[in-house]
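Coordinate analysis (summary)
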Amino acid sequence: NAGVTQTPKFRILKIGQSMTLQCAQDMNHNYMYWYRQDPGMGLKLIYYSVGAGITDKGEVPNGYNVSRSTTEDFPLRLELAAPSQTSVYFCASRDRGRLNTGELFFGEGSRLTVL
Amino acid sequence: KQEVTQIPAALSVPEGENLVLNCSFTDSAIYNLQWFRQDPGKGLTSLLLIQSSQREQTSGRLNASLDKSSGRSTLYIAASQPGDSATYLCAVVYNFNKFYFGSGTKLNVKP
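Sequence order as written defines the numbering, with residues in each chain counted from 1. The naming scheme follows written order: chains are lettered A onward, ligands numbered 1 onward. Residues qualify for local features only when their pLDDT is at least 70, as the model is predicted, and side-chain atom pairs are given and counted only at 80 or more; totals for whole chains, interfaces and linings, by contrast, use all residues. Side-chain measures here rest on the full set of heavy atoms in the structure, leaving out hydrogens and waters.

A word on the overall build of chain A
For the purposes of this entry, the term helix denotes a DSSP run of H or I that reaches at least four residues, the term strand denotes a run of E that reaches at least two, and both are numbered from the N terminus. Each helix and strand in chain A was counted, giving 0 helices and 11 strands. Our radius of gyration is a C-alpha quantity, and the globule rule it is checked against amounts to 2.2 Å times the number of residues to the power 0.38. What you see for chain A is a C-alpha radius of gyration of 14 Å, in line with the 13 Å of a compact globule of 115 residues. The C-alpha extent of chain A, read off along each of the three principal axes, is 45 × 30 × 25 Å. Partly exposed describes any residue whose relative accessible area lies between the buried limit of under 20% and the exposed limit of over 50%, with all areas from a 1.4 Å probe on protein chains only and scaled to the type maximum. Out of the 115 residues in chain A, the part that is buried amounts to 46%. By the convention used here, residues are in contact when the closest approach between their heavy atoms is within 4.5 Å. Long-range pairs, those at least 24 residues apart, make up 52% of the contacts in chain A between residues at least 6 apart in sequence. Carbon together with sulfur atoms contributes 52% to the accessible area of chain A, which is approximately 5,600 Å² in total. Asp and Glu are treated as the negative residues and Lys and Arg as the positive ones, with His and the ends of the chain left uncounted. Here the site of a charge means NZ on Lys, CZ on Arg, CG on Asp, or CD on Glu. Charged side chains of chain A number 12 positive and 10 negative; the gap between the two group centres comes to 5 Å. Here the open area of atoms and residues is found with the Shrake-Rupley method and a 1.4 Å probe, where only the protein chains shown may cover a residue.

Structure follows, in structure tokens:
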């Protein structure tokens with residue numbers, strides 16, 4: 001019953017470093033999403049994917065990149081980390097569902113601090 | 001720009017009280033609306049999903065309603081318990097792929 005799995009759970013980066021947040025789902029969902037959540041705020045969409053090989057920008061894509069080579073995996077790459085990228089990152093997935101209205105499932109989050 | 005607002009930002013009630021959380025959205029052309037629960041340091045857990053053609057959904061002590069014409073949804077929690085303490089977020093789907101989230105209502109149920 002793994003669902004959506006994110007790694008790492010915690011990470012501290014220095015300014016200018018790069019890293020990849022991993023996300024995997026075992027529910028054969030077509031749609032996958034990356035969100036960031038800042039304290040006291042709602043979730044902001046970074047990137048999303050509607051299937052392997054297809055990705056698109058969300059509300060706040062600057063400073064991030066994604067790829068989707070398989071249905072299961074949707075890694076988020078941070079290039080040249082900045083303090084503004086300190087946040088909690090959530091990966092989510094959903095099935096298409098009837099009338100394209102499938103329920104969204106979340107991972108437990110990756111807490112990133114950039115110093 | 002699509003906006004989702006949740007009021008109040010925080011709520012504290014004694015155990016056993018019935019309560020209502022509110023979610024409002026600017027554009028009524030939604031596909032569906034989903035309510036989530038988030039415990040501190042955890043991910044979001046889905047509570048209820050209401051399709052655009054539905055007026056309400058129920059799960060146990062939870063009942064969510066949807067009024068598209070007024071741009072509102074409510075989450076009703078009956079007979080609240082300390083274990084219900086968490087942050088509750090609503091998310092609105094305006095097109096096939098994008099969920100827009102409110103900033104949440106932090107609920108504290110006092111024993």
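Looking at the environment of Val 60 of chain A
With respect to the element layout, Val 60 of chain A can be found in the loop between β6 (54-57) and β7 (64-66). The class for Val 60 of chain A is partly exposed, based on a relative accessible area of 30%.

So, the interface of chain A and chain B
Of the residues lining the interface, 24 residues belong to chain A; the matching set on chain B comes to 21 residues. Definition used for salt bridges: Asp or Glu carboxyl oxygen within 4 Å of a side-chain nitrogen of Lys or Arg. Ionic pairing is found between Lys 42 of chain B and Glu 108 of chain A, a salt bridge with its closest N-O pair at 3.7 Å. Here a polar contact means two N or O atoms within 3.5 Å. Within protein one must be a hydrogen donor candidate and the other an acceptor candidate, and residues neighboring in sequence count only if both atoms are side-chain atoms. In this assembly, chain A and chain B are joined by 3 residue pairs in polar contact (both at pLDDT 80 or more). Secondary-structure elements contributing two or more residues to the side of chain A that touches chain B are β4 (31-37), β5 (43-51), β9 (87-94) and β10 (104-106) of chain A. Classifying every residue of the side of chain A that touches chain B by side-chain character gives 11 nonpolar, 7 polar and 6 charged. For this scheme, ten residues count as nonpolar: Ala, Val, Leu, Ile, Met, Phe, Trp, Tyr, Cys and Pro. Four count as charged, namely Asp, Glu, Lys and Arg, and the remainder, Gly too, count as polar.

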